[in-house]
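# Reading the structure
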Amino acid sequence: MKEVKKVEVEDIRGFKNYQDWQRFYMDMNNGALIPDTEIWSDTEMVMSINSLGCKGEEMENGIPIVAFFGDSATFGASFSIDSWPRNLNIRGCQSLNAAVEGYEMERVLNRYNEISEKVNLAGVVVYSGWHNIIYGESTEDYWRSMLDQFEGDHILAFCTLATCLTEECKHRGIDSLLCSDSPRKNYANYFEYNLESLNKRYFNFWCNMEPSLENLQKVVDGVQRYNNFLKEYCSEKGHVLIDLYSQLIPATYEDIPNDFYDVCHLRPAAYQKIGKYVGSLLDMPLKDFLKNRQDKYFIDVINPVSCPERFALTETHNSRRDRQGNDSEDLRRNIYPLW
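Residues numbered from 1 in each chain as written. Predicted model: local features only at pLDDT ≥ 70, side-chain atom pairs only at ≥ 80, totals over all residues. Heavy atoms only, no water.

## Description of the side chain of Asp262
As a reminder, the rule being used: The numbering of helices and of strands both runs from the N terminus, where a helix is a DSSP run of H or I of at least 4 residues and a strand a run of E of at least 2. Two N or O atoms form a polar contact when they lie within 3.5 Å of each other; inside protein one atom must be a possible hydrogen donor and the other a possible acceptor, and for residues adjacent in sequence the pair counts only when both atoms belong to side chains.
As for its position among the elements, Asp262 is in the loop between helix H8 (244–248) and helix H9 (271–290). Separated by 2.8 Å, the side chain of Asp262 and the backbone nitrogen of His265 make a polar contact.

## A look at helix H3 (residues 105–116)
Structural remark: α-helix, 3.6 residues per turn; residues separated by three or four positions point the same way. Operational definition: Any helix carries an expected span of 1.5 Å times its number of residues minus one. Only protein chains enter the calculation, and the probe is 1.4 Å; a residue is then buried if its accessible area is under 20% of its type maximum, exposed if over 50%, and partly exposed in between. Of all possible arcs, the one meant is that of the directions from the helix axis to the C-beta atoms. Contact definition: two residues touch when any of their heavy atoms are within 4.5 Å.
Taking 1.5 Å per residue as the helical rise, H3 with its 12 residues ought to reach 16 Å, and the 16 Å between its terminal C-alpha atoms agrees with that figure. Along H3, the positions that sit buried rather than exposed are Met105, Val108, Leu109, Arg111, Tyr112 and Ile115. End-on view of H3: buried residues confined to an arc of 155°, all on one side of the axis. Taken together, the buried residues of H3 touch strand E4 (65–70), strand E5 (94–97), strand E6 (121–127), helix H4 (140–147) and helix H7 (213–237). For H3, the N-terminal cap is Glu104; the gap from its side-chain oxygen to the backbone nitrogen of Glu106 is 2.9 Å.

## Digging into the sheet that holds strand E7 (residues 155–159)
In a beta sheet, neighbouring strands pair by backbone hydrogen bonds and run either parallel or antiparallel. Going by this rule: In this scheme, strands are said to pair when DSSP sees at least two bridges between them. With axes taken as lines fitted to C-alpha atoms, and helix axes fitted only over the stretch in contact, angles between N-to-C directions fall between 0 and 180 degrees.
Taken in spatial order, the five strands line up as E5-E4-E6-E7-E8 in an open sheet, and their pairing is parallel. Edge positions in the sheet fall to E5 and strand E8 (240–242), since each of these pairs with one other strand and no more. Taken over all neighbouring pairs, the strand axes of this sheet differ in orientation by 25° on average, direction set aside. Here four bridges tie E4 to E5, and the two strands are oriented parallel to one another. Counted as the bridge partner of Val66 is Ser95 from E5. Against the sheet, H7 contacts E7 and E8, and its axis sits at roughly 160° relative to E7.

See the structure below:
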């Protein structure tokens, strides 16, 4: 019998710190998502982690899987099981969102190694780099050493970094576009980080970083440097290039907040559009790849969900907080920089 931990929360806006919410679905000791976890508010399921420890529904047996690896830009908003990978819509394939918030490139690679040992992947899509352009390991040699290790018997695609920041921002700034209910130093406060604000009004720069011209230039130039590298890398290796940057760069300065709620995160309202675009680029490569590989990719996943019965372990918000206490607060900051 499959056991599912069901967390019931009265009001998802009642959290004053993002980590207080995140700890319901993430193991704060190692940063991994907690398998078989559901978070409910009233009658609505607002988050689901499947048996593979990935965001979203269970994988269906016998259907080829395309897995997406990355950080929060791929994981999507945590108030919904939805994300742009979930909107892939390739007939005959299903998508697995294996991204985890806060993961830099090496941890994304480790995540790929973990999942690929459990599931035969027909396609692998990597959208990583935000944590490796202006801090951390940010050299081309390092990028190459990481990306090379995603190769295997599958279609391999890499996404350019998508941002709403244009070259104009480097001299004009973005102060006139910012829209937030809280001081920047309190950015991690949960009360304004919800689907309603992300879909309608909220717009910030990058975590609690000041939107100075110097910082804007660092981000814009860092994105361009990585994307130029990635285009050459995919051309050299023959991998699929998904140019999210070109697809999403705003046409005008005023359009900057339309699809993004900050420098790198899409508004949930844009998920379907981007999922459809990515699916259109993967459709033919996947069909060609799968023609003679039915024996490998049309079998059960290694840990299939064979029993439909689900036993829910219900835990309230307050009971879990009492059990965990506040002693892990410092560790939570260490494993999850929001960006």
